[in-house]
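# Report on the structure
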Amino acid sequence: MNKPLLAALSSLAMAGLGATPAVAAPQPAKTAAVTVDYSGTVSLSNCSGSLIRFPGSMDSDPALVLTNGHCLETGFPEPGEVITGQYSWRRFGLLDSSGNRIGTLRANEVVYSTMTDTDVTIYRLNTTYDRIKSRYGINALTVADTHPVAGAAIKVVSGYWRRTYSCDIDGFVYRLKEGDWTWKDSVRYTSACDTIGGTSGSPVIDTATGKVVAVNNTGNEDGETCTVDNPCEVDEKGDVTVRQGINYAEETYQIPACFTTGNELDLNASGCTLPKP
């Protein structure tokens, strides 16, 4: 995992490591890029994150923050564990377009957190989108509800480090295994996105749409096979591939279907495929 800041400085020293995957993904037609900056991103005590909304969210809805499951303040969820409705009073530093901290947002609930199939935590804040906009002039980032595309240009925007990584989606991984955890249909970056500790939870933004398509979460640091901080790729036949220096993210397109009116979580909603408790 792109560790919640522990050993981040040593990871920074290794940030130049990387190898281009053997097979290049087909490139889609390029479209004009939108401006991607730090607006809507947040910093956590040990990770990065983003202020998010869904296509059906209203300005008057309680605002949400997205980060990784392994950034949860109470520790890593166990394999198979799904946490919902857990009290939280976590604070987030809200950033403007230049990466300046302009305010503090506060959670009142962990709406959803897991490291099973995916690696996400979603917090509910004690304020609404329109109040955040009125006070700080910041809009939430919209989570796309369609599957990302191989070859798409992306930016990984770290609110913790105030650092942006630019690369393409190299492809998708059937199963990504790290230690005791397994994630499905993960995003593999091209080598230019050499993310480090503290970038965990950063939004992965499609530069053609400006929408969040994944959440940054891990990379193979040492070339080991399927160990913590050294994820491996497992294909449909069970064959294992290790790509030292290559980093990954977990898709987010499946999340909007699990939220209904008022940004309420409904894991039984039609089309919701997130793991259930």
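Preceding this section is the structure that the text describes.
Right, let's walk through the structure included here. Bear in mind the structure is a predicted one, so any value in this text is a computation, not a measurement.

## Structural notes on the environment of Pro203
- Within the secondary structure, Pro203 is located in strand E12 (residues 203–206).
- According to the relative accessible area criterion, Pro203 is buried, its value standing at 1%.
- Between the alpha carbons of Pro203 and Gly40 there is a distance of 9.7 Å; along the sequence they are 163 residues apart.
- Here Pro203 is in contact with Thr41, Gly49, Ser50, Leu141, Lys155, Val156, Val157, Val212 and Ala214, once residues within four sequence places are set aside.

## Focus on the layout of surface pockets
- There is about 200 Å³ of room inside the largest pocket.
- Lining the largest pocket are Asp117, Thr118, Lys184, Asp185, Glu250, Glu251, Tyr253, Gln254, Thr273, Leu274 and Pro275.
- Those elements that provide at least two residues to the lining of the largest pocket are strand E11 (181–189) and strand E16 (247–251).
- Residues belonging to the lining of the largest pocket are distributed by class as follows: three nonpolar, three polar and five charged.

## Considerations on the state of the cysteines
- Using the criterion set out here, one finds four disulfides in the structure.
- Each sulfur of the disulfide joining Cys47 and Cys71 lies 2.1 Å from the other. Handedness of the Cys47-Cys71 disulfide follows from its S-S torsion of about -90 degrees: it is left-handed. One end of the pair, Cys47, is in the loop between strand E1 (41–43) and strand E2 (48–53); the other, Cys71, is in the loop between strand E3 (62–67) and strand E4 (82–87), and 24 residues separate them in sequence. As far as burial versus exposure is concerned, Cys47 and Cys71 are alike and both buried.
- Each disulfide pairs two cysteine sulfurs, and for Cys226 the partner residue is Cys232, the sulfurs being separated by 1.9 Å. Handedness of the Cys226-Cys232 disulfide follows from its S-S torsion of about 95 degrees: it is right-handed.
- Judged by its relative accessible area of 0%, Cys232 is buried.

How each quantity is defined
Residues numbered from 1 in each chain as written. Predicted model: local features only at pLDDT ≥ 70, side-chain atom pairs only at ≥ 80, totals over all residues. Heavy atoms only, no water. Helix = DSSP H or I, 4+ residues; strand = E, 2+ residues; numbered from the N terminus. Buried < 20%, exposed > 50% of the residue type's maximum accessible area, 1.4 Å probe, protein only. Contact = heavy atoms within 4.5 Å. 1 Å grid on protein atoms, 1.4 Å probe; cavity = no way out; pocket = protein on both sides within 12 Å on 5 of 7 lines; lining within 4 Å. Points joined across faces, edges and corners; volume = space filled by probe spheres on them. Nonpolar A, V, L, I, M, F, W, Y, C, P; charged D, E, K, R; others polar. Disulfide = S-S within 2.5 Å.

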